Amino acid sequence: MPIFLIGMMGCGKTTIGKVLSEILNKRFIDLDEEIEKKENMKISDIFSKKGENYFREIESNLLFQMKDNDAIISTGGGIILKKINREFLKKYKTLFLYVPIEEILERVDIKNRPLLKNGKNKLFEIWEDRKDLYNQFEKVNLSNLSVYESAAKILYYITENNEEIIENDFQSVILKTKGLENLKNEKNIFVSNSVNRIYGDYFNCPYVLDDGEKIKNFDNLDILYRYLIEKEINRSDSLIAVGGGTVTDLIGYVGATFKRGVKIIFYPTTLLAQVDAALGGKTAVNLDKIKNVIGTFYKPEKVIIDPLSIISLKEENYIEGIIEAFKVSLIDGNINLFIDNIEKIKKRDLNTLIKIIKYAVKVKLDIVSKDPYDKNIRKALNLGHTFGHAFESYTNIPHGLSVGWGLIKELEFFSTNLKDKEYILDFLNKIIPRNILNMEINNENLIKYIYQDKKIISKEEITIPVIEEVGKFKLKNINLKHIKNKY
Ligand SMILES: NC(=O)c1ccc[n+]([C@@H]2O[C@H](COP(=O)([O-])OP(=O)(O)OC[C@H]3O[C@@H](n4cnc5c(N)ncnc54)[C@H](O)[C@@H]3O)[C@@H](O)[C@H]2O)c1
C-alpha cells in the first residue's frame with residue numbers, strides 16, 4: 001500500500017520520505033521528480049511555459065497511477081488543491097507533515113519554487129489558502145524536529161503494533177513496537193529533555209531531566225528525593241524512567257534507595273540503554289568526576305523496549321549503541337549479523353535493528369543471569385572498556401564511541417591469534433567516526449588512566465577479557481608493562 005506525505009513546500013516531505021523508505025526498506029517516489037522526468041523539464045519551466053493548470057493536470061494523472069505502489073510517496077505542496085486528489089488521498093494512508101510557517105520560511109530556498117518568485121512572504125498567503133485542506137488529513141507535528149526525529153515520529157503513525165517477550169530467568173524484557181504510547185495514562189514519569197521534546201505527546205505531566213551525564217549527581221538526588229516526598233510516593237508506586245542510560249541509572253538508583261526501594265519501570269530510549277544500561281540491574285550515580293562509584297544492584301519491575309524510539313537518535317548516540325551490541329556479538333559469536341548488514345545498519349533499517357536488539361538483549365541477559373553480581377563471566381562485558389574508559393576519561397569522547405576505540409586497541413594488542421581479526425577491525429573502522437580513529441593520543445597519559453581502572457588487581461596487573469576466537473573469551477591478567485611496551 002502506498003503511504004503519501006503531504007504538506008507545505010519546505011516541510012521536509014522529500015528528505016524525510018527518503019529516510020523513511022530506507023528505514024522501512026520500501027521504494028521512495030517523489031511525485032514532483034516524476035513529473036519533471038515525464039515532461040523533461042523543471043517544475044518552474046512547466047509553470048512558466050505551460051501554466052499551472054497544465055501542471056495540475058499531469059500531477060493528478062500521475063497521482064492516480066500511484067495506487068498500487070508499496071512505496072513512500074512525497075507529493076507537491078499544492079496536491080490538495082483539487083477535490084479529486086483529496087478524495088483519492090483519503091482512500092490511502094496520507095499524512096500531513098505540519099511545520100509552522102515561521103520555521104518553513106527559514107528553510108525554504110526560492111530556487112525552482114515558481115509560487116515564490118515574488119518573495120518568500122507569499123508563503124503566508126499560500127498557507128492561509130491551503131490550511132483547511134491540509135487539516136482534513138492526519139496531522140503529524142514536526143515542529144523543531146531534525147530529519148531522523150521527524151522520521152521516528154512518523155513511524156508511530158505507519159507501523160503496526162507488535163509485542164514480544166524476551167524471556168530470561170534473571171529479568172524478562174518486553175520488546176514492544178510503539179511501546180511509548182503506553183505511557184499516555186501513566187504517572188510518575190521521569191524523562192530526559194530531548195526525549196520529551198520529541199515524544200512529549202505520550203507523557204502525562206512528566207518530570208523533565210536535563211540531557212546527558214550531568215544528571216547523575218548528588219544535587220539531583222537531593223532534588224528528586226524531596227520531589228518524591230512532596231508527591232507522597234510510597235512503596236506501592238512505580239517510578240517510570242524514559243530515556244537513555246543516564247536516566248535509567250539515576251532513576252534506578254533513586255528507586256532503589258527511596259524508602260528502601262520503590263518499584264521502577266524502564267523505557268530505555270537509546271540503543272545503548274536498550275542493549276546494555278537498562279539490563280542487568282546495575283544502577284549508579286557519579287561522585288564528582290568518578291563515574292558510577294555510588295550504586296546498587298536493583299532490578300526494575302519491567303523493561304519495555306520500543307525499537308521505534310531509537311530512530312530519532314543523533315548519529316553519535318546511534319553508533320554508540322551499535323558498538324555495544326557488536327561487542328556482545330564478539331563474546332557470543334554472531335558477528336555476521338552486524339558485518340553482513342553494515343549498509344542496512346547505516347540506514348537504520350528497522351527490521352535489522354529489531355534483530356540486533358533481540359540478539360544483544362538475549363546475550364546480555366544470558367550472561368547476567370549466570371553471574372548477576374559481576375564475579376566472573378559478566379566481566380566479559382568489559383571487553384573494550386579498559387582502553388575505552390581510559391580514552392573516555394582522557395578525551396571526554398562519549399562512552400560508546402570510546403568503547404569502540406578501546407575495542408580496536410584491545411583486539412589489536414591482545415587477540416593475537418584471532419582468525420577473523422581483520423574482518424572485525426574493518427567493521428569497526430567503517431562505523432566509528434574518522435576523527436576518533438585518527439585522534440592523536442599521548443600514550444603515557446592514557447596509561448595513567450588505565451592505572452585508575454576498577455579492574456586493577458595489583459600495581460602491575462589488570463584483569464581484562466580477551467577474545468581468543470569469535471564467541472570465546474578468556475579473562476586474562478595482563479601485566480601493565482606489557483601494555484606499555486605495546487606503545
Ligand atoms: N547500568 C548499567 O549497566 C550501564 C551500562 C552501560 C552504560 N550505563 C550508563 O549509561 C549512560 C550512557 O547512556 P546513553 O548512552 O543512553 O546516554 P544518555 O542517557 O546521555 O543519552 C544520550 C542522549 O540521547 C538523548 N536521547 C535519549 N533517547 C533518545 C531518543 N530516543 N531520541 C533522541 N535522543 C534521545 C538523551 O536525552 C541524551 O541527550 C552512562 O551514564 C553509563 O554510565 C549504565
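About the cut-offs
Every chain is numbered on its own, with residues counted from 1 as its sequence reads. Per-residue local features are limited, in this predicted model, to residues with pLDDT of at least 70; the limit for side-chain atom pairs, both in listing and counting, is 80 or more; totals at the level of whole chains, interfaces and linings are taken over all residues. Computation of side-chain values: all heavy atoms of the structure, hydrogens and water removed. Under the scheme used here, helices are H or I runs from DSSP no shorter than 4 residues and strands are E runs no shorter than 2 residues, and both carry numbers assigned from the N terminus. For every residue, the accessible area obtained with a 1.4 Å probe (protein chains only) is divided by the maximum for its type, and the residue is called buried under 20%, exposed over 50%, and partly exposed between those limits. For patches, a residue must show more than 30% relative accessible area and have no salt bridge; joins then use 9 Å for like charges and 5 Å for nonpolar side chains, namely Val, Leu, Ile, Met, Phe, Trp and Tyr. Here the open area of atoms and residues is found with the Shrake-Rupley method and a 1.4 Å probe, where only the protein chains shown may cover a residue. Salt bridge, as applied in this entry: a Lys or Arg side-chain nitrogen positioned within 4 Å of an Asp or Glu carboxyl oxygen. Near, as used in this document, describes a residue that has one of its heavy atoms within 4 Å of the molecule or strand being considered. Two N or O atoms form a polar contact when they lie within 3.5 Å of each other; inside protein one atom must be a possible hydrogen donor and the other a possible acceptor, and for residues adjacent in sequence the pair counts only when both atoms belong to side chains. For this classification, Asp, Glu, Lys and Arg are treated as charged, while Ala, Val, Leu, Ile, Met, Phe, Trp, Tyr, Cys and Pro are nonpolar and the rest, including Gly, are polar. Whether two residues are in contact is decided by their heavy atoms: any pair within 4.5 Å suffices. How far each domain reaches was decided by an automatic or database domain assignment. Buried area is calculated as the accessible area (1.4 Å probe) missing from two parts once they are joined, with the contributions of both summed. To form a nonpolar core, buried Ala, Val, Leu, Ile, Met, Phe, Trp, Tyr and Cys residues must be joined to one another through side-chain atoms within 4.5 Å. Note on definitions: angles span 0 to 180 degrees between N-to-C directions of axes, and those axes are lines fitted to C-alpha atoms, for helices only across the stretch in contact. For classification purposes, angles smaller than 35 degrees are called roughly parallel, those larger than 145 roughly antiparallel, those between 65 and 115 roughly perpendicular, and all remaining angles oblique. Left-handed describes a crossing whose near helix is turned anticlockwise from the far helix by less than a right angle; the clockwise case is right-handed.

### Points about unusual backbone geometry
Trans is the prevailing form of peptide bonds, just as negative phi is the prevailing case for residues other than glycine.
No. 1: Of note, the phi angle at Asn25 is positive, near 55 degrees, even though the residue is not glycine.
No. 2: Along the polypeptide, Asn25 turns up in the loop between helix H1 (13-24) and strand E2 (27-30).
No. 3: Backbone geometry places Lys259, a non-glycine residue, at a positive phi of 50 degrees.
No. 4: Among the secondary structure elements, Lys259 is positioned in the loop between helix H11 (245-257) and strand E11 (263-268).
No. 5: Taking relative accessible area as the criterion, Lys259 reaches 41% and is therefore assigned partly exposed.

### Some remarks on a nonpolar patch on the surface
No. 1: A cluster of nonpolar side chains, contributed by Phe218, Leu287, Ile290 and Val293, occupies part of the molecular surface with about 340 Å² of accessible area.
No. 2: The residue Phe218 is located in helix H10 (residues 218-230) in this model.
No. 3: For Phe218, a relative accessible area of 40% corresponds to the partly exposed category.

### Overview of the site of the ligand
No. 1: Inspection of the region around the ligand gives 25 residues, with Asp211, Glu213, Thr246, Thr270 and Ser312 positioned closest.
No. 2: At 2.8 Å from an oxygen atom of the ligand is found a side-chain nitrogen or oxygen belonging to Lys216.
No. 3: One nitrogen or oxygen atom from the side chain of Thr270 is found 2.6 Å from an oxygen atom belonging to the ligand.
No. 4: Burial of the ligand by the protein chains amounts to 90% of its free accessible area of 870 Å².
No. 5: Elements supplying a minimum of two residues to the shell around the ligand: helix H9 (193-199), H11, helix H12 (271-277) and strand E13 (290-297).
No. 6: Looking at side-chain class alone, the shell around the ligand contains six nonpolar, 12 polar and seven charged residues.

### Overview of the pattern of salt bridges
No. 1: All chains considered together, the criterion is met by 28 salt bridges.
No. 2: Notably, a salt bridge pairs Lys67 with Asp68, separated by 3.6 Å at the nearest N-O pair.
No. 3: For Lys67, a relative accessible area of 40% translates into the label partly exposed.
No. 4: Judged by relative accessible area, Asp68 falls into the exposed class, the value being 65%.
No. 5: For Arg107, the salt bridge is made with Glu103, and the minimal N-O distance between the two is 3.7 Å. With Arg107 and Glu103 both in helix H6 (residues 101-107) and four residues apart, this pair spans about one turn of that helix.
No. 6: Connected via shared salt-bridge partners are Glu213, Lys216, Asp249, Lys291 and Glu392.

### Details of the side chain of Asp276
No. 1: Topologically, Asp276 is positioned in helix H12.
No. 2: Note on Asp276: relative accessible area 16%, which makes it buried.
No. 3: Filtering out sequence-adjacent residues up to four positions away, Asp276 remains in contact with Glu324, Lys327 and Lys364.

### Thoughts on the domain arrangement of the protein chain
No. 1: Partitioning the protein chain into structural domains gives domain 1 (3-158), domain 2 (162-313) and domain 3 (314-487).
No. 2: Using C-alpha coordinates to define each centre, domain 1 is positioned 38 Å away from domain 2.
No. 3: Contacts between the two partners involve 10 residues from domain 1, matched on the other side by 14 residues from domain 2.
No. 4: Three residues stand out in domain 1 for area buried against domain 2, namely Glu149, Lys153 and Tyr156, and they jointly supply 59% of the buried area on that side.
No. 5: Linking Lys153 and Asp201 is a salt bridge whose minimum nitrogen-to-oxygen distance equals 3.5 Å.
No. 6: Our count for the contact surface shared by domain 1 and domain 2 stands at four residue pairs in polar contact (both at pLDDT 80 or more).

### A word on the nonpolar core
No. 1: Membership of the largest hydrophobic core comes to 167 residues, with the highest contact counts inside it found for Val242 and Ile251.
No. 2: Discounting residues that sit within four places of it in the chain, Ile251 has contacts with Phe190, Leu209, Leu224, Leu239, Ala241 and Ile264.

### Let's talk about the packing of helix H13 (residues 315-332) against helix H16 (residues 350-370)
Pairs of packed helices are described in terms of their axes, by the angle between the two and the distance that separates them.
No. 1: Put simply, H13 and H16 touch, their axes get as near as 9 Å, and they point 55 degrees apart. When the axes of H13 and H16 are compared, the pair comes out oblique. Judged by the sense of rotation from one axis to the other, the crossing of H13 with H16 is left-handed. Facing H13, whose interface residues are Tyr318, Ile322, Ala325, Val328, Ser329, Ile331 and Asp332, H16 presents Leu353, Ile356, Tyr359, Ala360, Val363 and Ile367.

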